[in-house]
Amino acid sequence: MVVTREEVKHLGWLAKIEMSDAEVQHYTAQIEEIISYLNKLDTIPLEQVKPITMKKNFSELRKDVPENFEDVVLGTEYRKDGFVKGPRMI
Amino acid sequence: MALYTLPAEQVVKGIKSGELSVEEYISHLFERIERVEPKINAFVTLHKEEALNRARILGKKIGEGKQSGPLAGVAFSIKDNICTKGMKTSCASKMLESYIPAYDATVIKRLLAADAIIIGKANLDEFAMGSTTEFSRYGPTRNPWDTRRVSGGSSGGSAASVAAFECTASLGSDTGGSVRCPASFCSVVGLKPTYGLVSRFGLVSYANSLEQIGPIGRTVSDVVSFLNVIAGPDENDHTTTRANKPSYSLKERKGLRVGLVKEFIEGADPAVSKIIYEAADTLAKQECYCEEVSLPSVEYALASYYTIATAEASSNLARYDNIRYGFDMNPEGYEWNSYFVRARGNFGEEAKRRIIVGSYVLSSGYYGKYYMKAHQARSLLKREMESLFNRYDALVGPTMPVLPFKIGERIDDPLKMYLVDIDTVVANLTGMPAISVPAGFADGLPVGLQIMADQFAEQTLVDVAYLFEQTAKVQRSPEL
């Protein structure tokens, strides 16, 4: 078996995605099939091939200056004293 | 002839000369939309009032004898993953259910400056992840040629809205074929530009190293009109090239060297291959030199694509925490992690699957086995393509290896669904431009001819597409 239920559950936790037991079950079989397909990549002798890389100099980039967006409507109504409310840290 | 069937060039001409009222034209289009939209479901949101308002302003401007833009009055739809200021941009996801962008994407700014008119936001697979538009929170978009079948995806709403004459053109995004696939299934023209030709600023990211925004239209001419407006450097997207703004034109060019990709033809449904061979004959009759060529690395293209795309997706989708924007979920009473896990559980099925696969291939220990190898395969494929473009102006084959299938037919088998992208992902992996042009029909269903060219050789792409279109004269209007 390439992919186990525990792995899928663990990856779900790392990616912060809630999944029911039924979903984990459902995904495990499908992801196993997908990963097996991706294993194809392991069959080619690629040691000599260099991956493509992009090069851009810092001087070519625009200046990093903040932009003011007027009348911004935030997509949340949970606010307090001009701040956006989030869940508590602990 | 009904007004809604007019190509962009005639709309602009009519409006500029005063023969056609912009307001009347836009109202007429909305009547058409009201009639056919219940059968198609191409739109997530319609913006009738804004469109009519812009039409009035443009009409006034023209009436006063002021200068108007190159797309004056042309109505277009926008895939709902491209940001529009003040207009909801949902990505067909619960996660962005109430997101209203504070800015326009660069492509939108340019089209509005050219006086084109936004009709509405088009349906898509959630976050552009899919090949059928079935993974939309707003239900599947139906194929105008047979409403029991899929429209293709992920820009299914874009292609279907154009095919069903609900607007003249549309903008889609193409990460692994998402403009070309629905263009092929709906018998319209769809172009994925060279990576770096069109700004991605304001496109909600799925896999940054692969995707481009591209136009969809009923004719090559309409697609070129839109490309000419949206292409060119943008300081807000550092992957755009610094070359000057290009301009493409339609001209009769013969004697082109065309390679017919053997692997694409052999892997296709025989009914599709037959139409593609006929298309090659059509080109050959126009004094094109056509011969079969081989692209052996294509065998690894799909594995390479799905590794890179899911890896980038898992990273891009990590930003959605539902705090500053998203959907209505009160953070009160939640601890940080439990809130994220609960909120992010609202990603749809395919998005979740890709996040997990992406996290898997990026896991330490697997990185070299998948992600690194995928990039090497990508490099190999690019090398092979470059060597072919030393000998040929363009490469052709089917856009999709299958005919549009029934809604629901493949939805439970993700790998089977991924396999239909085999012919389109090559252009994304190599950054090269590709276009899908209607090639004909098999069993009454559309088949698209895919044409690929070398990087930044959009003019050659347009030359071949235009030559084929003018000779083949494939029907463009479905009965609805």
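Refer to the structure above for everything that follows.
Conventions used here
Residues numbered from 1 in each chain as written. Chains lettered and ligands numbered in written order. Predicted model: local features only at pLDDT ≥ 70, side-chain atom pairs only at ≥ 80, totals over all residues. Heavy atoms only, no water. Contact = heavy atoms within 4.5 Å. Buried area = accessible area lost by both parts, 1.4 Å probe. Salt bridge = Lys/Arg side-chain N within 4 Å of Asp/Glu carboxyl O. Polar contact = N/O pair within 3.5 Å; in protein donor to acceptor, adjacent residues only side chain to side chain. Helix = DSSP H or I, 4+ residues; strand = E, 2+ residues; numbered from the N terminus. Axes fitted to C-alpha atoms, helices over the stretch in contact; angles between N-to-C directions. Parallel < 35°, antiparallel > 145°, perpendicular 65-115°, else oblique. Nonpolar A, V, L, I, M, F, W, Y, C, P; charged D, E, K, R; others polar. Buried < 20%, exposed > 50% of the residue type's maximum accessible area, 1.4 Å probe, protein only. Core = buried A, V, L, I, M, F, W, Y, C linked by side-chain atoms within 4.5 Å. Phe/Tyr/Trp six-rings, centres within 6.5 Å; stacked < 30°, edge-to-face > 60°. Lys NZ or Arg CZ within 6 Å of the ring centre and 35° of its normal. Left-handed = near helix turned anticlockwise from the far one by under 90°. Pairing = 2+ DSSP bridges.

## Examining the interface of chain B and chain A
Here's step 1: Contact residues are listed per partner, giving 67 residues for chain B and 54 residues for chain A.
Here's step 2: Between chain B and chain A lies a buried interface of about 5,600 Å² when both sides are counted; carbon and sulfur atoms form 64% of it.
Here's step 3: Contact with chain A buries area across many residues of chain B, yet Ile 356, Tyr 360 and Lys 373 of chain B alone supply 12% of it, more than any other trio.
Here's step 4: The interface formed by chain B and chain A includes four salt bridges.
Here's step 5: Where chain B touches chain A, the interface holds 18 residue pairs in polar contact (both at pLDDT 80 or more).
Here's step 6: Only α10 (301-316), α11 (336-344), α12 (349-362), α13 (368-391) and α14 (414-419) of chain B provide two or more residues apiece to the side of chain B that touches chain A.
Here's step 7: With 13 residues, the top contributor of residues to the side of chain B that touches chain A is α13 of chain B.

## With respect to the packing of helix α1 (residues 5-14) of chain A against α12 of chain B
Here's step 1: Where α1 of chain A contacts α12 of chain B, the axes come no closer than 9 Å and their chain directions differ by 100 degrees. As judged from the angle between their axes, α1 of chain A and α12 of chain B are roughly perpendicular. Facing Glu 7, Val 8, Leu 11 and Gly 12 of chain A of α1 of chain A, the residues of α12 of chain B in contact are Ile 356, Ser 359 and Tyr 360 of chain B.
Here's step 2: Among the residues forming the contact of α1 of chain A with α12 of chain B, the class breakdown is four nonpolar, two polar and one charged.

## Observations concerning the side chain of Ser 221 of chain B
Here's step 1: Examined against the element boundaries, Ser 221 of chain B turns out to sit in helix α7 (residues 220-230).
Here's step 2: Filtering out sequence-adjacent residues up to four positions away, Ser 221 of chain B remains in contact with Glu 9 and Leu 250 of chain B.

## Some thoughts on the environment of Arg 88 of chain A
Here's step 1: Mapped onto the secondary structure, Arg 88 of chain A falls in the segment after β2 (83-84).
Here's step 2: Under the relative-accessibility criterion, Arg 88 of chain A is labelled partly exposed at 46%.
Here's step 3: Considered as a pair, Arg 88 of chain A and Pro 66 of chain A are 22 residues apart in the sequence and their alpha carbons are 29 Å apart.
Here's step 4: The residues touching Arg 88 of chain A, leaving out its near neighbours within four places in the chain, are Gly 333, Tyr 334, Glu 335 and Trp 336 of chain B.

## Remarks on the nonpolar core
Here's step 1: Counting residues in each nonpolar core, the largest one holds 101 residues, and the members touching the most others are Ile 26, Ile 82, Val 107, Ile 108, Leu 111 and Ile 451 of chain B.
Here's step 2: With eight residues, helix α2 (residues 22-40) of chain B is the largest single contributor of residues to this core.
Here's step 3: Other than its neighbours up to four places away in sequence, Val 107 of chain B contacts Ile 82, Leu 171, Val 198, Ser 199, Ile 213 and Ile 230 of chain B.
Here's step 4: Within the second largest apolar cluster, 80 residues are counted, among which are Tyr 37 and Leu 46 of chain A together with Val 361 and Leu 395 of chain B.

## Description of unusual backbone geometry
Negative phi values dominate among residues other than glycine, just as trans dominates among peptide bonds.
All names here are of chain B.
Here's step 1: Of the consecutive residues Gly 153 and Ser 154, the connecting peptide bond is found in the cis state with omega at 10 degrees.
Here's step 2: Within the element layout of this structure, Ser 154 appears in the loop between β5 (146-150) and α5 (156-163).
Here's step 3: Positive phi, normally seen in glycine, also occurs at Cys 91, with a value near 55 degrees.
Here's step 4: Mapped onto the fold, Cys 91 is located in the loop between β2 (75-79) and α4 (106-113).
Here's step 5: Given the relative accessible area of 0%, Cys 91 is considered buried.
Here's step 6: One non-glycine residue, Asn 322, lies in the positive phi region at around 65 degrees.
Here's step 7: Mapped onto the fold, Asn 322 is located in the loop between α10 and α11.
Here's step 8: Judged by relative accessible area, Asn 322 falls into the buried class, the value being 6%.

## Examining the packing of aromatic side chains
Residues and elements named next belong to chain B.
Here's step 1: Enumeration over the complete set of coordinates arrives at 18 aromatic pairs over all chains.
Here's step 2: Ring centres 4.9 Å apart and planes at 40 degrees place the aromatic pair Tyr 99 and Tyr 325 in the tilted group. Separated by 226 residues along the polypeptide, Tyr 99 in the loop between β2 and α4 and Tyr 325 in the loop between α10 and α11 bring together distant segments of the chain.
Here's step 3: Aromatic side chains Tyr 305 and Tyr 306 sit 4.8 Å apart centroid to centroid with 90 degrees between the ring planes, which places their arrangement in the edge-to-face category.
Here's step 4: Relative accessible area serves as the criterion here: at 3%, Tyr 305 is assigned to the buried category.
Here's step 5: Joined through ring pairs, the aromatic side chains of Tyr 334, Trp 336, Tyr 339 and Phe 340 make up one cluster.
Here's step 6: Here Arg 410 stacks its cationic end above the ring of Phe 405, 4.8 Å away from the centre of that ring.

## Here's the deal with the environment of Leu 403 of chain B
Here's step 1: Position of Leu 403 of chain B relative to the elements: it lies in the loop between β11 (394-398) and α14.
Here's step 2: Ignoring any residue separated from it by four or fewer positions in sequence, one finds Leu 403 of chain B in contact with Phe 185, Ala 271, Val 272, Ala 442, Asp 443, Leu 445, Pro 446 and Val 447 of chain B.

## Considerations on the environment of Val 107 of chain B
Residue and element names in this part refer to chain B.
Here's step 1: Turning to its location among the elements, Val 107 is positioned in helix α4.
Here's step 2: By relative accessible area, which is 1% here, Val 107 ends up buried.
Here's step 3: Sequence separation between Val 107 and Arg 344 is 237 residues, and the spatial gap between their C-alpha atoms is 29 Å.

## Description of the packing of α1 of chain A against helix α2 (residues 21-38) of chain A
Residue and element names in this part refer to chain A.
Here's step 1: α2 packs onto α1 with a crossing angle of 115 degrees between their chain directions and a minimal axis gap of 9 Å. Like other packed secondary-structure pairs, α1 and α2 cross with a definite hand, here right-handed. Taking contact as the criterion, the partners of Arg 5, Val 8 and Lys 9 in α1 are, on α2, Asp 21, Val 24, Gln 25, Tyr 27 and Thr 28.

## A word on the sheet that holds strand β12 (residues 434-442) of chain B
All names here are of chain B.
Here's step 1: The strand order across the open sheet formed by 11 strands is β1-β3-β2-β6-β8-β7-β12-β13-β11-β9-β10, and the pairing between neighbours is mixed. Edge strands, defined here as strands with exactly one partner in the open sheet, are β1 (43-46) and β10 (289-293). Direction aside, neighbouring strands of the sheet carry axes that sit 30 degrees apart on average.
Here's step 2: Along the sheet face, α5 touches β1, β2, β3 (117-122), β6 (169-174) and β8 (212-217) and points at about 155 degrees away from the line of β6.

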